[in-house]
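# Close look at the chain arrangement
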Amino acid sequence: MLNIDISMLQDSLTMFAFLALELTLLFLVISYIVGVLQEYIPPERIQSILSGKGGKGYLIAAFLGAITPFCSCSTIPFLKGLLRAKAGFGTMMVFLFASPLLNPIIIGLFAVTFGLPVTAFYFTIAMGVSVIAGYSLEKLGFERYVKAEAYIEPASKGCGSSCEGSKVAVSRWQRVWNTTWADFKKVLPYLIGGIAIGSLIYGFMPTSLVVSLANEDNPFAIPIAAVIGIPLYIRAEAVIPLSAALAAKGMGLGAVMALIIGSAGASLTEVILLKSIFKNTMIIAFLIVILSMAMSAGYLYAILF
């Protein structure tokens, strides 16, 4: 028993170190790239692209999410950039939902593991629900649940307009970095807290428990799998192979689909990070959308396949 506990603790510590390093680097790199883009692309341009009439902006946001290789947590700095560029609220939410679910890595692994028909089904559900949810949340006025400070760019020190020549370029890059670092310091407590909790769950929750709760004989297997997927922070590279292994052990295929969407679409770490941007009402709405998407896809998958 002691050996098992030590092994679980080692798994948790290893996952914590891996996620802490990976997500820190991802956050800093993505935030910096977004900052550089904002220096060269006027906010009005971003706003016009993502606020297209007739639903065009929503589709663009969904496809933008589909081509960006972001996990649920690394979507956050990009979302901050969209907020400061005053892009449409609905289109921002579409991107938030679609980006981790439709990134090229997860779609490619889906096709290899489950085949093209299942991949097409998954893509259609994730894309459709993301667009509908983003549109609905905007029409229902959920933008009021965005924290006011999320729109404010952190103060950064630079040499200002008095610099000339190469000094202007240096100050620009330095200004972007200062903003990036200020953002990172704000979310660091949320990041570390979320990673710590997620790592403990990863290390101490055995796959046999997941299978026992979400086997084909359990009528509540799909909602259970959807809920289990959120605290189990699983990278896109791991969620598909893990799901295939769980299916081989007896987990229902509908529950497998729900687990994939729950774990890829949201994570405990992401939810904690979102607290730096959204009020609790908005976070609850976000979780309801992900869980609804996971369960709907799971039940439809079980019926169709």
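Reading the values: rules and limits
The residue numbers shown here count from 1 along each chain, following its written sequence. Residue-level local features of this predicted model are given only where pLDDT is at least 70; pairs of side-chain atoms are given and counted only at 80 or more, and the full residue set underlies all totals for whole chains, interfaces and linings. By convention in this description, side-chain values take in all heavy atoms of the structure and omit both hydrogens and water. Working definition of a nonpolar core: buried Ala, Val, Leu, Ile, Met, Phe, Trp, Tyr and Cys residues. They are joined through side-chain atoms within 4.5 Å. Each residue gets one of three labels from its accessible area relative to the maximum for its type: buried under 20%, exposed over 50%, partly exposed in between, using a 1.4 Å probe on protein chains only. Elements are defined by DSSP. Helices are runs of H or I of four residues or more, strands are runs of E of two residues or more, and each kind is numbered from the N terminus. In what follows, a contact means two residues having at least one pair of non-hydrogen atoms within 4.5 Å. Comment: axis = line fitted to C-alpha atoms, over the contacting stretch for helices; angle = value between 0 and 180 degrees taken between N-to-C directions. In this scheme, roughly parallel covers angles under 35 degrees and roughly antiparallel covers those over 145, while 65 to 115 is roughly perpendicular and the rest are oblique. It is the rotation of the near helix from the far one that decides the hand of a crossing: anticlockwise by less than a right angle makes it left-handed, clockwise makes it right-handed. Amino acids outside the nonpolar list (Ala, Val, Leu, Ile, Met, Phe, Trp, Tyr, Cys, Pro) and the charged list (Asp, Glu, Lys, Arg) are all regarded as polar, and Gly is one of them. UniProt positions are given in the numbering used here, feature names are shortened, and annotations may be inferred rather than shown by experiment. The pairing test for Phe, Tyr and Trp rings, Trp by its six-membered ring, is centres within 6.5 Å, and the orientation test on the planes gives stacked under 30 degrees, edge-to-face over 60, and tilted for anything in between.

For the rest of this paragraph, the subject is the nonpolar core. Among the nonpolar cores identified, the biggest contains 73 residues, and Leu102, Tyr122, Met257, Phe278 and Met282 are the most heavily contacted of them. The dominant element in this core, judged by the number of residues it contributes, is helix α14 (residues 280–304), at 10 residues. Dropping the residues within four chain positions of it, Leu102 is found in contact with Ala62, Gly65, Ala66, Ile107, Tyr122, Phe123, Ala126 and Met127. One finds Met15, Leu19, Ala20 and Ile195 within the second-largest nonpolar core, a separate group that totals five residues.

Our next topic: the packing of helix α3 (residues 56–67) against helix α7 (residues 116–139). For the pair α3 and α7, interaxial distance at closest approach is 10 Å and the crossing angle is 135°. Our classification of the angle between α3 and α7 gives oblique. Pair α3 / α7 crosses with right-handed handedness. Across from Tyr58, Leu59, Ala62, Phe63 and Ala66 in α3, the residues of α7 making contact are Phe123, Met127, Val131, Gly134, Tyr135 and Glu138. Looking at the contact of α3 with α7, its residues break down into nine nonpolar, one polar and one charged.

In this structure's numbering, the residues bearing the UniProt feature "transmembrane region" (unreviewed entry) are residues 12–37, 57–79, 91–114, 120–137, 187–205, 220–240, 252–277 and 283–304. From the first C-alpha to the last, residues 252–277 spans 36 Å; its make-up is 77% helix and 0% strand. The straight-line gap between the two end C-alpha atoms of residues 283–304 is 31 Å; of that span, 100% is helix and 0% is strand.

This part is about the packing of aromatic side chains. Across all of its chains, the model carries nine aromatic pairs by this definition. Taking 5.6 Å as the distance between ring centres and 70° as the angle between the ring planes, the aromatic pair formed by Tyr58 and Tyr135 counts as edge-to-face. Highlighted residues: Tyr58 in helix α3 and Tyr135 in helix α7, separated in sequence by 77 residues. The exposure class of Tyr58 is buried, given its relative accessible area of 11%. By relative accessible area, Tyr135 is classed as partly exposed at 43%.

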